[in-house]
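If you want the building blocks of each chain, they are given just below.
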Amino acid sequence: MTPARTASSTDGPQLGLRERKKIKTRTAIRDATYALIQEQGYDATTIEQIAERAEVSPSTVFRYFPTKEDIVLTDEYDEILLQELRARPADEPWMDSVRYIMRKAIGLGMSEEPEVTRLRARLMVEVPAVRSRMLESMSATGKLLAEAVAARTGRDQGSLEVRVYAKSLIGGLSEISLYWAENDFRDDLLDLVDRALDLFEYGLTPQQSSGHGLPT
């Protein structure tokens, strides 16, 4: 899921000092990375520069993020949002639950750090390494989503149906960011989320004929 900042909530359990320090360090590394990329571009930004800007060692950067691409793509939201998804009312229609969670995820990113949300989307379009890493990271997010899908539907998490559904949903939603960036961010991101989820809920209906189809 796309927001970049650390989620904060007064409703959830309070984190211990060690976890708060970890989040602070991860946030400092991400903030440094985004600032450097905006100043000089993705390719020119090095791990050494990121470490210096974040006031940590390069080894610390690698301990938190295995690659530069991970710094761009990793956020704190997946598990939190999936916990909320699991907590939705059991009798709520499944797509209503998904729609609620996805709109909340997008809303958090756009309200807290709209420029960073746009930068991440643009990098996924412009930098092949970021796009490739995004596809890899979708596997982990898909597994988390599959747990929630299995719990709601009563199906086995490892079943073909659950795996295909979860990965299809994650893959489809990742296309939202690409489409949004490729079209110069003209569209409202929440509207794009709704359009994408409508496909899962209602399917792809035929477009009205323009009158230039093949003769019958």
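## Some details on the nonpolar core
One finds Leu-85, Val-98, Leu-145, Leu-173, Ile-176 and Leu-197 to be the most contacted residues of the largest nonpolar core, which totals 29 residues. Breaking this core down by element, the ones donating at least two residues are helix H5 (78–87), helix H6 (94–112), helix H8 (128–153), helix H9 (160–182) and helix H10 (189–202). Looking at which element gives the most residues to this core, the answer is H9, with eight residues. The residues touching Val-98, leaving out its near neighbours within four places in the chain, are Leu-85, Leu-169 and Leu-197. Listed in part, the 13 residues of the second largest apolar core include Tyr-34, Tyr-42, Leu-73 and Leu-123.

## Quick notes on the pattern of salt bridges
Applying the stated criterion across every chain yields a total of 14 salt bridges. Across the pair Arg-26 and Glu-19 runs a salt bridge, and its minimum N-O distance is 3.5 Å. Classification of Glu-19 as partly exposed rests on a relative accessible area of 30%. Between Glu-115 and Arg-118 there is a salt bridge, and its shortest N-O distance comes to 3.6 Å. Here Glu-115 pairs with Arg-118, and both are found in helix H7 (residues 114–126), just three residues apart, close to one helical turn. For Glu-115, a relative accessible area of 51% puts it in the exposed group. Using a relative accessible area of 27% as the deciding quantity, one classes Arg-118 as partly exposed. What you see here is one network of salt bridges that share partners, running through Arg-99, Arg-103, Asp-194, Asp-198 and Glu-201.

What counts, and at which threshold
- Residues numbered from 1 in each chain as written.
- Predicted model: local features only at pLDDT ≥ 70, side-chain atom pairs only at ≥ 80, totals over all residues.
- Heavy atoms only, no water.
- Core = buried A, V, L, I, M, F, W, Y, C linked by side-chain atoms within 4.5 Å.
- Buried < 20%, exposed > 50% of the residue type's maximum accessible area, 1.4 Å probe, protein only.
- Helix = DSSP H or I, 4+ residues; strand = E, 2+ residues; numbered from the N terminus.
- Contact = heavy atoms within 4.5 Å.
- Salt bridge = Lys/Arg side-chain N within 4 Å of Asp/Glu carboxyl O.

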